[in-house]
Amino acid sequence: MSDIAVGVDHVTKSFRMYHERNQSLKSAIMRGRTSVHEDFLALDDVSFDVPAGSTFGLIGSNGSGKSTLLKCLANIYYPNKGAITHFGKIAAMLEVGSGFHAELSGRENIFLNGSILGMSKKEVTRKFDEIVDFSGVEQFIDQPVKNYSSGMYVRLGFAIAINVDPDILVVDEVLAVGDAEFQEKCFQKFRDFKAAGKTVILVSHSMPTVQAMCDQTAWLDHGVLKAAGPAKSTIKAYLKSLNVEPD
């Protein structure tokens, strides 16, 4: 078993930003079939390792590249350069209700989302009661999820993701929506994951949460890795750059 859960090796990711698109055949001909654009560098030669069995935080201001990196980790995006290697089964909870079908019930979406995340129907059936219990949406499980609040969406989506039983769980700000009781259930699940030798990669704007939960962190700033290492020192450097005193 590798002592590294995820290796991020010189990862660069850019997006083409169009200023003016060709709206018609005539405009395409007039411009020689080209549109005005520039490349936006979301990640610029980022490298770090995530130790196996750790809770690892990604921090940085809005637009720093955190969510882009998480989507690369989850194979939603692919780097233009560099590579990401993960050792073990990975599950990602990146957006509220990602993978849900609004017209289907919570029950149907558990099976749908579970299959998207790689679970068999038999596995989902076996874990169904545990998923529903963790999510706390028992009363609404046969209602269409389009009628769910954002908090219910998050609780159900998170409950499915953690029951995939991954080696690596990637989580993007989902705890910001849940109430205090649900957050504590999530924190306990992270602690259980760590005790079982599993790895959690967590994005959060809450520095107290990152400091309390994470062993190590990586700090991104406009797509550039500014620091990676022990959570306390990395958070301190990040807050200092914002002229904020750490608690």
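In this report, the structure presented in the accompanying data block is examined.

Quick notes on the packing of helix H3 (residues 106-116) against helix H4 (residues 121-135)
- At a minimum axis separation of 10 Å, H3 and H4 run at an interaxial angle of 130°. In terms of orientation, H3 lies oblique with respect to H4. In this structure, H3 crosses over H4, and the sense of that crossing is right-handed. Where H3 approaches H4, its residues Arg107, Ile110, Phe111 and Gly114 are matched on the opposing element by Lys121, Val124, Thr125, Phe128, Ile131 and Val132.
- Across the contact of H3 with H4, the residue classes break down as six nonpolar, two polar and two charged.

Description of the pattern of salt bridges
- Within this structure, the stated rule accounts for six salt bridges.
- Among the ionic pairs, arginine 191 bridges to glutamate 184, the shortest N-O distance being 2.6 Å.
- The partly exposed category is assigned to arginine 191, whose relative accessible area is 36%.
- Across the pair aspartate 215 and lysine 194 runs a salt bridge, and its minimum N-O distance is 2.5 Å. With aspartate 215 in the loop between helix H7 (207-213) and strand S8 (216-221) and lysine 194 in helix H6 (residues 180-195), this pair connects stretches of sequence that are 21 residues apart.

Looking at the pairing of strand S3 (residues 55-59)
- The buried fraction of S3 is high, at five of five residues.
- Burial of the side chains of S3 extends over both faces: Thr55, Gly57 and Ile59 are buried on one face and Phe56 and Leu58 on the other.
- Note that S3 and strand S7 (residues 199-203) share four bridges and pair parallel. Directly across from phenylalanine 56, in S7, lies its bridge partner isoleucine 201.
- Where S3 meets S8, four bridges bridge the pair, whose relative direction is parallel. When the bridges of S8 are listed, isoleucine 59 appears paired with tryptophan 219.

A short note on unusual backbone geometry
- Positive phi values are uncommon outside glycine, yet aspartate 45 reaches one of about 55°.
- Along the polypeptide, aspartate 45 turns up in strand S2 (residues 36-51).
- The backbone of asparagine 75 shows a phi angle near 65°, a positive value even though the residue is not glycine.
- Structurally, asparagine 75 is set in the loop between helix H2 (66-73) and strand S4 (81-86).

So, the packing of H4 against helix H5 (residues 150-162)
- Two elements in contact, H4 and H5, have axes separated by 8 Å at closest approach and are oriented at 140°. Relative to H5, the element H4 is oriented oblique. In this structure, H4 meets H5 at a crossing whose hand is right-handed. Contacts between H4 and H5 involve Ile131, Phe134 and Ser135 on the former and, on the latter, Arg155, Leu156, Phe158, Ala159, Ile160 and Ile162.
- The residue inventory of the contact of H4 with H5, partitioned by class, reads seven nonpolar, one polar and one charged.

Details of the side chain of lysine 198
- Here lysine 198 is to be found in the loop between H6 and S7.
- Here lysine 198 falls in the buried class, since its relative accessible area comes to 15%.
- Engagement of the side chain of lysine 198 in a polar contact is seen with the side chain of aspartate 165, the distance being 3.3 Å.
- Ignoring any residue separated from it by four or fewer positions in sequence, one finds lysine 198 in contact with Gly53, Ser54, Asp165, Pro166, Asp167 and Phe193.

A short note on a negative patch on the surface
- Side chains of Asp3, Asp9, Asp44, Asp45 and Asp49 sit close together on the surface and give a patch of like negative charge.
- Ranked by residue count, the leading element in the negative patch is S2, at three residues.

A look at the packing of aromatic side chains
- Taken as a whole, this structure holds 10 aromatic pairs when the rule is applied.
- When the ring of phenylalanine 48 is compared with that of phenylalanine 56, the centres are 5.3 Å apart and the planes differ by 10°; the resulting orientation is stacked.
- For phenylalanine 56, a relative accessible area of 1% translates into the label buried.
- Clustering of aromatic rings is evident, with ring pairs tying together Phe134, Phe158, Phe182 and Phe190.
- Of note, lysine 13 hangs over the ring of phenylalanine 15, and the distance from its end group to the ring centre comes to 5.2 Å.
- Here the guanidinium or amino end of lysine 185 rests over the ring plane of phenylalanine 134, the centre of that ring lying 4.8 Å away.

Analysis parameters
Residues numbered from 1 in each chain as written. Predicted model: local features only at pLDDT ≥ 70, side-chain atom pairs only at ≥ 80, totals over all residues. Heavy atoms only, no water. Axes fitted to C-alpha atoms, helices over the stretch in contact; angles between N-to-C directions. Helix = DSSP H or I, 4+ residues; strand = E, 2+ residues; numbered from the N terminus. Parallel < 35°, antiparallel > 145°, perpendicular 65-115°, else oblique. Left-handed = near helix turned anticlockwise from the far one by under 90°. Contact = heavy atoms within 4.5 Å. Nonpolar A, V, L, I, M, F, W, Y, C, P; charged D, E, K, R; others polar. Salt bridge = Lys/Arg side-chain N within 4 Å of Asp/Glu carboxyl O. Buried < 20%, exposed > 50% of the residue type's maximum accessible area, 1.4 Å probe, protein only. Pairing = 2+ DSSP bridges. Polar contact = N/O pair within 3.5 Å; in protein donor to acceptor, adjacent residues only side chain to side chain. Patch = residues over 30% accessible without salt bridge, like charges linked within 9 Å, V, L, I, M, F, W, Y side chains within 5 Å. Areas by Shrake-Rupley, 256 points an atom, 1.4 Å probe, with all protein chains shown as cover. Lys, Arg positive; Asp, Glu negative; His and termini not counted. Charge placed at Lys NZ, Arg CZ, Asp CG, Glu CD. Phe/Tyr/Trp six-rings, centres within 6.5 Å; stacked < 30°, edge-to-face > 60°. Lys NZ or Arg CZ within 6 Å of the ring centre and 35° of its normal.

Bear in mind that shape data such as this cannot, by itself, settle questions of function.
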